[in-house]
Amino acid sequence: MWNDLHPLGRHPTTRGYRRYAWTPADAECRAWFTAQAETRGLTHEIDRNGNQWAWLGDPARGDAVVTGSHLDSVPDGGAFDGPLGVVSAFAALDELRRRGTAFTRPLGIVNFGDEEGARFGLACVGSRLSSGQLTRDRAHRLTDGDGITLPRAMEAAGYDPDAIGADPDRLARIGAFVELHVEQGRALDLSGDAVGVAGAIWPHGRWRFDFRGEANHAGTTRLTDRRDPMLPYAETVLAARREAGSARAVATFGKVAVEPNGVNAIPSLVRGWLDSRAPDQRDLDAVVAAVEKAARAHADAHGVDLDVVRESFTPVVEFDHALRDRIGRILGRDTGHTGHTGDTGLTVPVLGTGAGHDAGILSAVLPTAMLFVRNPTGVSHSPAEYATEDDCVTGVLALADVLEGLIHP
Ligand code: GLV
Ligand code: MN
Ligand code: MN
């Protein structure tokens, strides 16, 4: 499976993945998913929001066990964030068939569309739409950096944008969703475990800061006459780092757009996106408020206008305790794992994470859980993202154990 996936959407120079929603690279990944489903004799369906499902057994029977993740990527993403969960899902099914498991509940494998939000700025669009946490109207207004709206992009990819929206009946057929994911930090490396389970996802959001000044000549405009939006922007980046550092939070300006973007022109507009996250909502609110306050003060000092727009927000997600504990018991029992026991009594480590996931979005409407696979460097959202083959196999076997345990309580 990896051999077929590796070339898809990979940039020849950076070696990173650029699998953005509704692009040809995305279509290639989707075709790969369909082929994997067909090879295994699974029923393949695409829901109204473009999420792909592969079914063993009839999902209409309900109480289905579903696993999977996403195939899209951030700009120059790694090979594992997303695809590891989908590849492992198919591999776990193969393992269960090898074991001769009797499938008494329908088993589904899913590829959620546009998880990273790399193109339209909002993460987890597929799962948000299906679970009713993103309205069709708002989704229709999403626009990419080239001015192409989400509906036009969907249409160009052969999908019907008017059909998108909440899909409660489809989700009601699911009894449990388990997403396996490469870890995006070093907790498992430090604890010496190949696999962990998710405890909570930090609250997180994205804010757009528009600094508007005045375009002018870089050579002839006296420094005192300038209204240069780059200056308050730069101060704001530093403020974000400072504020996050003095709270238990992270804050990142990872994307910036400059107009007119000329070497010899003072910018008229600097638009920067703040991504901020914290274990606790109060800390997050305080950090973002402090960054905005600093941005306003610096904008004023430079005669620059500032607009701040919250583009998305995801509250803290505490994964379903009953499902998590059940998974812990399954893994403790079936893998003979002897890792440390946390305050939950689990024999696998329970990790909090600052990364968003479809499983977190879906936890609002159904029981969800996550398995993490060790990432020896912790690097993620980068071509250097990595997990060893041994750990990936351990992850597949753990996922197979979990699915089997859920199918046969
Ligand atoms: C998704 O990976 C996110 O946490 O931004
Ligand atoms: Mn990601
Ligand atoms: Mn992911």
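In this text, all values refer to a predicted model and were calculated from it rather than measured experimentally.

**Student:** What exactly am I supposed to notice about the site of ligand 1 here?
**Tutor:** Every residue lining ligand 1 is accounted for by Glu 116, Arg 277, Ala 355, Gly 356 and His 381. In the environment of ligand 1, an oxygen atom lies 3.1 Å from a nitrogen or oxygen atom belonging to the side chain of Glu 116. At 3.1 Å, a side-chain N or O of His 381 approaches an oxygen atom of ligand 1. The residue inventory of the shell around ligand 1, partitioned by class, reads 1 nonpolar, 2 polar and 2 charged.

**Student:** Hey, could you run me through the packing of aromatic side chains in this one?
**Tutor:** The description of an aromatic ring pair uses the distance of the two centres, along with the angle that the planes make with each other. Following the criterion strictly, the structure yields 11 aromatic pairs and no others. Arranged with centres 4.8 Å apart and planes meeting at 55 degrees, the rings of Trp 22 and Tyr 159 form a pair that is tilted. Of this pair, Trp 22 sits in the loop between α1 (2-5) and α2 (24-39) while Tyr 159 is found in the loop between α6 (150-156) and α7 (168-172), placing the two residues 137 residues apart along the sequence. Ring centres of Phe 209 and Phe 253 lie 5.5 Å apart, and the angle between their planes is 80 degrees; on these two criteria the pair is classed as edge-to-face. Of the two residues, Phe 209 sits in strand β7 (residues 204-212) while Phe 253 sits in strand β9 (residues 250-259), which places them 44 residues apart along the sequence. What makes Phe 253 buried here is its relative accessible area of 15%. Taken together through their ring pairs, the aromatic side chains of Trp 53, Trp 55, Phe 112 and Phe 177 make up a single cluster. It is Lys 255 that lies over the ring of Trp 273; its NZ or CZ is 4.6 Å from the centre.

**Student:** Where do I start with the domain arrangement of the protein in this structure?
**Tutor:** Think of interface size as the accessible area that goes away when the parts come together; that is how it is often given. Each domain of the protein was delimited in the assignment, giving domain 1 (2-202 + 316-407) and domain 2 (205-313). Centre-to-centre separation of domain 1 and domain 2, based on C-alpha positions: 33 Å. Tallying the contact residues gives 12 residues for domain 1 and 8 residues for domain 2. Taken together, both faces of the contact between domain 1 and domain 2 bury some 770 Å²; the carbon and sulfur share is 43%. Looking at the side of domain 1 facing domain 2, the largest losses of area belong to Gly 121, Trp 202 and Gly 354, adding up to 54% of the total buried there. Across the contact surface, domain 1 and domain 2 share 0 salt bridges.

**Student:** Help me out: how do you make sense of the packing of α2 against helix α3 (residues 83-99) in this one?
**Tutor:** In a pair of packed helices, the angle between the axes and the distance between the axes together describe the arrangement. Contact pair α2 / α3: the axes reach a minimum separation of 11 Å and the direction vectors enclose 10 degrees. Considering their axes alone, α2 and α3 lie roughly parallel with respect to each other. Together, Trp 32, Phe 33, Gln 36 and Ala 37 of α2 and Val 86, Val 87 and Phe 90 of α3 make up the contact between the two elements. Taken together, the residues that form the contact of α2 with α3 break down as 6 nonpolar, 1 polar and no charged.

**Student:** Please clarify how the coordination of the manganese ion (ligand 3) should be interpreted in this entry.
**Tutor:** Tetrahedral coordination by four donors puts the ideal angle at the metal at 109.5 degrees, and octahedral coordination by six puts it at 90 or 180 degrees. The manganese ion (ligand 3) binds to the protein through His 70 (NE2), Asp 81 (OD) and His 181 (NE2), with metal-donor distances spanning 2.0 to 2.2 Å. In primary sequence terms, the donor set of the manganese ion (ligand 3) follows H-x10-D-x99-H. Here the manganese ion (ligand 3) and the manganese ion (ligand 2) are spaced 3.6 Å apart, with Asp 81 acting as a shared donor. Placement of the pair is His 70 in strand β3 (residues 64-70) and His 181 in strand β5 (residues 174-182), with a sequence separation of 111 residues. With respect to burial, His 70 and His 181 carry one shared label: buried.

Thresholds, definitions, all that
- By convention here, each chain's residues receive numbers from 1 onward along its written sequence.
- Each chain takes a letter, starting from A, and each ligand takes a number, starting from 1, following the order in which they are written.
- Totals for whole chains, interfaces and linings use every residue, but because this is a predicted model, local features are given only for residues with pLDDT of at least 70 and side-chain atom pairs only at 80 or more, for both listing and counting.
- The basis for every side-chain value is the complete set of heavy atoms in the structure, and neither hydrogens nor water enter the calculation.
- Neighbouring residues are identified by heavy atoms, a residue being near a molecule or strand if any of them is within 4 Å of it.
- Polar contact is defined as a pair of N or O atoms within 3.5 Å, subject to the rule that within protein one atom must be able to donate a hydrogen and the other to accept it, and that residues adjacent in sequence are counted only when both atoms are side-chain atoms.
- As a working rule, the residues Ala, Val, Leu, Ile, Met, Phe, Trp, Tyr, Cys and Pro are called nonpolar, Asp, Glu, Lys and Arg charged, and the rest polar, with Gly in that last group.
- Only the six-membered ring of Trp is used, alongside the rings of Phe and Tyr, when aromatic pairs are assigned; centres must lie within 6.5 Å, and planes under 30 degrees apart are stacked while those over 60 apart are edge-to-face, with the rest tilted.
- Under the scheme used here, helices are H or I runs from DSSP no shorter than 4 residues and strands are E runs no shorter than 2 residues, and both carry numbers assigned from the N terminus.
- Burial classes: relative accessible area under 20% of the type maximum marks a residue as buried, over 50% as exposed, and values in between as partly exposed (1.4 Å probe, protein chains only).
- Geometrically, a lysine NZ or arginine CZ counts as sitting over a ring once it is within 6 Å of the ring centre and also within 35 degrees of the ring normal.
- What marks off one domain from the next here is an automatic or database domain assignment.
- Residue contacts are defined here by distance: any two heavy atoms, one from each residue, within 4.5 Å place the two residues in contact.
- The term buried area refers to how much accessible surface (probe radius 1.4 Å) is lost by two components on association, counted for both of them together.
- Here, a salt bridge means any side-chain nitrogen of Lys or Arg that lies within 4 Å of a carboxyl oxygen of Asp or Glu.
- For helices, the fitted line uses only the C-alpha atoms of the stretch in contact; every axis is such a line through C-alpha atoms, and the angle between N-to-C directions lies from 0 to 180 degrees.
- Under this scheme an angle from 65 to 115 degrees is roughly perpendicular, one under 35 degrees roughly parallel, and one over 145 degrees roughly antiparallel; angles in between are oblique.
- Shown as donors are all N, O and S atoms within 2.8 Å of a metal ion, widened to 3.2 Å for Na, K and Ca; because water is not in the atom set, sites may appear incomplete.

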